[in-house]
Amino acid sequence: NIIATSQTVLMLRDLPDSVARNEQMWRHWYDEDAPEQAKIPEYDDRLSLFEKLLVVRSIREDRALLSVQTYISETIGQRYIDSRPLNLRDTE
């Protein structure tokens, strides 16, 4: 996924090289409990929220949904990710 992302997103074209050069830093980020909230090594200051989402998805796919929720919340609003309980009486 890192290779595919680096080939399609201009800002991330050197992502595979960065991971190879700074393996310890990336390993620390990867091992974070919530990497989607941690600073992305070498990239954090220059990436948009969507590009950060792509990095999380390409390296920690298990955390992608949480990253998507953050993106939606910050771009169009928290109300689009909050779920409301279904009231069965209202459905009749």
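Residues numbered from 1 in each chain as written. Predicted model: local features only at pLDDT ≥ 70, side-chain atom pairs only at ≥ 80, totals over all residues. Heavy atoms only, no water.

The next point concerns the nonpolar core. As a rule of thumb, nonpolar side chains are buried together in soluble globular proteins. In this structure, Leu12, Trp26, Trp29, Ile40, Tyr43, Leu47 and Val55 are the most contacted members of the largest nonpolar core, which totals 14 residues. Mapped onto this core, the elements with two or more residues apiece are helix H3 (23-31) and helix H4 (49-59). For this core, the leading source of residues is H4, giving 5 residues. Among all residues touching valine 55, those that are not within four sequence positions of it are Leu12, Trp26, Trp29, Ile40, Leu47 and Arg60. (Core = buried A, V, L, I, M, F, W, Y, C linked by side-chain atoms within 4.5 Å. Buried < 20%, exposed > 50% of the residue type's maximum accessible area, 1.4 Å probe, protein only. Helix = DSSP H or I, 4+ residues; strand = E, 2+ residues; numbered from the N terminus. Contact = heavy atoms within 4.5 Å.)

Moving on, we get to unusual backbone geometry. Not every positive phi belongs to a glycine, and glutamate 42 is a case in point at roughly 65°. With respect to the element layout, glutamate 42 can be found in the loop between H3 and H4. Given a relative accessible area of 35%, glutamate 42 falls into the partly exposed group.

Three- or four-residue spacings in an α-helix give side chains the same orientation, since the helix completes a turn every 3.6 residues. Among the residues making up H4, those that are buried are Glu51, Leu53, Leu54, Val55, Val56, Ser58 and Ile59. Where H4 is buried, its residues contact helix H1 (2-8), helix H2 (15-21), H3 and helix H5 (64-75).

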